[in-house]
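One-letter residues, chain by chain:
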Amino acid sequence: MNGLLGAYVPGSSPLHRLPAGVKLAGLAVACTVLVLLGSPAALGVAAVVVAGLYALSRVSLAAAWAQVKPVRWFAVALFGMQWLFVDLQGALSTVLQVVLAVALAGLVTLTTRASAMMAALERCLSPARFVGLDPFRVSLLLSLTIRSVPVVAELATRVREAQRARGVERSVRAFAVPLVVGSLRHADALGEALSARGLDD
């Protein structure tokens, strides 16, 4: 199941040894703080802290870059829109907030086994039993949702690069159709893997 849900990198760093629940709670708090930090200078300090956490985790540069690589073009587009409709400082702040939040979420994924993350989510969702929901299935759904975001973003990047190679980068159809087909294929493969593990219903 771990291969389906995340890109966990085995290790013995302090971040690897932290309980999954602590890391998820820390991620929620950190993302809230990022939203409250309004200036590029303060977010620059936050970026240094995030870089320090990655260094503490002792994951490779390639693994670290892979966490933010899928959103690089989105970040560029977001920066342009914010600069156009707000101002330069607002554009920098918004892009830094998004990229740093993605980087922190990626760090949790890299240093936490999927089974541990699901167990932590299941414990947090245990009160859902009182309204007829299965905490295990809800935690699985949340985990799959988190994992699907970078997968679809990476797929969109590959489709965009293929568009440029064919010289049809302005065609909405040439982007949307392969993206939808690729996403459906990923969902189908994921469904087959879950079915093989007895989660077909």
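About the criteria used
- Residues numbered from 1 in each chain as written.
- Predicted model: local features only at pLDDT ≥ 70, side-chain atom pairs only at ≥ 80, totals over all residues.
- Heavy atoms only, no water.
- Helix = DSSP H or I, 4+ residues; strand = E, 2+ residues; numbered from the N terminus.
- Buried < 20%, exposed > 50% of the residue type's maximum accessible area, 1.4 Å probe, protein only.
- Contact = heavy atoms within 4.5 Å.
- pLDDT = per-residue confidence, 0-100.
- Expected span 1.5 Å × (residues − 1).
- Arc of directions from axis to C-beta.

A word on the overall build of the chain
Secondary structure summary: the chain contains ten helices and zero strands in total. Ordered by position from N to C terminus, the α and β elements of the chain give α-α-α-α-α-α-α-α-α-α. Here the C-alpha coordinates of the chain stretch approximately 50 × 40 × 35 Å along the principal axes. Residues classed as buried in the chain amount to 31% of the 201 residues present. Sequence separation of 24 or more characterises 69% of the internal contacts of the chain that already satisfy a separation of 6 or more.

Remarks on the confidence of the model for the chain
With 91% of its residues at a pLDDT of at least 70, the chain reaches an overall mean of 81. Put simply, helix α1 (residues 2–5) is where the chain has its lowest mean pLDDT, 41, and helix α4 (residues 40–57) is where it has its highest, 93. Scored below 50 in pLDDT, residues 1–5 makes 21 contacts in the model with residues more than four places away or belonging to other chains.

Observations concerning the side chain of T111
With respect to the helices and strands, T111 occurs in helix α7 (residues 88–111). Ignoring any residue separated from it by four or fewer positions in sequence, one finds T111 in contact with Y8, L15, H16, K23 and S57.

A word on unusual backbone geometry
The phi dihedral of R58 falls on the positive side, at around 60°, and the residue is not glycine. Relative to the helices and strands, R58 resides in the loop between α4 and α5 (61–68).

Some words on α4
Here α4 contains 18 residues, and its C-alpha end-to-end distance of 25 Å stays within 8% of the 26 Å for a straight helix at 1.5 Å per residue. Taken together, the buried positions of α4 are occupied by L43, A46, V50, Y54 and S57. What you see down the axis of α4 is that its buried residues fit within an arc of 90°, all on one side. Of the exposed residues in α4, those oriented more than 90 degrees away from the buried face are A41, V45, V48 and A55. Residues of α4 that are buried in the fold lie against α2 (14–17), α3 (20–36), α5 and α7.

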